[in-house]
Amino acid sequence: HRQCWEVQKKTLGEDHPETLISLNNMAVALFRQGNYVQAEALHRQCWEVRKKTLGEDHPETLRSLNNMANALSSQGSYAQAEALYRQCWE
């Protein structure tokens, strides 16, 4: 996933939807490996770019926010995760 993301970042740009899909996929892979801190950082990066380019209420932006909340929850940061989950719903 990392190699694909790096190539897309160079060829398409950091804000391109396909680049962000690769970034999200890399974060999901890290999460599944139990690397929750790294997964959270990548989900946060993806969320920030999607928020800027797609808007706060776009489904993909909200998906990134939810994924970041999942990573926080898995780290035991339940209050932070809950706040993000609530942000997704409101």
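Here, the structure is the one placed above.
Counting of residues starts from 1 at the beginning of each chain's written sequence and follows it residue by residue. Per-residue local features are limited, in this predicted model, to residues with pLDDT of at least 70; the limit for side-chain atom pairs, both in listing and counting, is 80 or more; totals at the level of whole chains, interfaces and linings are taken over all residues. The basis for every side-chain value is the complete set of heavy atoms in the structure, and neither hydrogens nor water enter the calculation.

Colleague: Help me understand the nonpolar core, please; the structure alone is not making it clear to me.
Modeller: It is characteristic of soluble globular proteins that their nonpolar side chains tend to be buried jointly. Among buried residues, those of type Ala, Val, Leu, Ile, Met, Phe, Trp, Tyr and Cys that are joined through side-chain atoms within 4.5 Å constitute a nonpolar core. Think of it in three bands: with a 1.4 Å probe and only protein chains considered, a residue is buried below 20% of the maximum accessible area for its type, exposed above 50%, and partly exposed in between. By size, the foremost hydrophobic cluster in this structure holds 10 residues: Trp5, Leu20, Leu23, Met26, Ala27, Leu30, Ala39, Leu42, Cys46 and Val49. Elements are defined by DSSP. Helices are runs of H or I of four residues or more, strands are runs of E of two residues or more, and each kind is numbered from the N terminus. For this core, the elements supplying multiple residues, two or more each, are α2 (17–32) and α3 (36–54). The element that contributes the greatest number of residues to this core is α2, accounting for five residues. Every residue in contact with Leu42, bar those within four places of it in the chain, is listed here: Leu23, Met26, Ala27 and Leu30. Grouped together as the second largest cluster of nonpolar side chains are eight residues, Trp47, Leu65, Ala69 and Ala81 included. Residue contacts follow a heavy-atom distance rule, with two residues in contact if any of their heavy atoms lie within 4.5 Å.

Colleague: Mind showing me how you'd approach empty space enclosed by the protein here?
Modeller: Vacant regions in the atomic arrangement are exposed by a probe of water-molecule size rolled over the atoms. A pocket here means an open set of points on a 1 Å grid, computed over the protein atoms alone, that has protein on both sides within 12 Å along at least five of seven lines. A cavity is instead a set of points where a 1.4 Å probe fits but cannot get out; residues with an atom within 4 Å of a point line either one. Grid points are joined across faces, edges and corners, and a volume is the space filled by probe spheres set on the points. According to the stated counting rule, one finds one cavity of 30 Å³ or more in the structure shown. Here the largest cavity defines a volume of roughly 40 Å³. Along its surface, the largest cavity is lined by Trp5, Lys9, Glu14, Thr19, Leu20, Leu23, Gln45 and Val49. When residues in the lining of the largest cavity are grouped by element, the largest group, three residues, is from α2. Three classes are used, and their members are as follows: Ala, Val, Leu, Ile, Met, Phe, Trp, Tyr, Cys and Pro are nonpolar, Asp, Glu, Lys and Arg are charged, and the others, Gly among them, are polar. Across the lining of the largest cavity, the residue classes break down as four nonpolar, two polar and two charged.

Colleague: Please clarify how the side chain of Asn24 should be interpreted in this entry.
Modeller: By the secondary structure assignment, Asn24 is in helix α2. Excluding residues that lie within four positions of it along the chain, Asn24 makes contacts with His43, Cys46, Arg50 and Asn67.

Colleague: Explain the side chain of His43 to me, please; I cannot follow it from the model alone.
Modeller: Tracing the backbone shows His43 in helix α3. Looking at His43, the relative accessible area reads 2%, which means it is buried. Sequence-distant contacts of His43, that is, excluding residues within four places in its chain, are made with Asn24, Ala27, Val28, Ser64, Asn67 and Met68.

Colleague: What is the right way to look at the environment of Trp5 in this model?
Modeller: Within the fold, Trp5 resides in helix α1 (residues 2–11). Taking the C-alpha atoms as reference points, Trp5 and Glu18, separated by 13 residues in sequence, lie 8.7 Å from one another. When near neighbours in sequence (up to four residues on either side) are disregarded, Trp5 contacts Thr19, Ser22, Leu23, Met26 and Gln45.

Colleague: Can you walk me through the packing of α1 against α2 in this structure?
Modeller: The relative placement of two packed helices is expressed as an angle between their axes plus a distance between the axes. Between the N-to-C directions of two axes lies an angle of 0 to 180 degrees, each axis being a line fitted to C-alpha atoms and, for a helix, fitted only over the stretch in contact. Their axes nearest at 9 Å, the elements α1 and α2 cross at an angle of 160°. Classed by the angle they form, the pair α1 and α2 counts as roughly antiparallel. The two elements α1 and α2 cross, and the hand of that crossing is left-handed. Between α1, through Arg2, Cys4, Trp5, Gln8 and Lys9, and α2, the contact on the second element is made entirely by Glu18, Thr19, Ser22, Leu23 and Met26. Here the contact of α1 with α2 is composed, by residue class, of four nonpolar, three polar and three charged. Each angle is binned into one of four classes, with values under 35 degrees roughly parallel, values over 145 roughly antiparallel, values of 65 to 115 roughly perpendicular, and all other values oblique. Helix crossings are classified by the rotation of the near helix relative to the far one: an anticlockwise turn of less than a right angle makes the crossing left-handed, while a clockwise turn makes it right-handed.

From the geometry alone we can't say anything about function, so treat these as descriptive.
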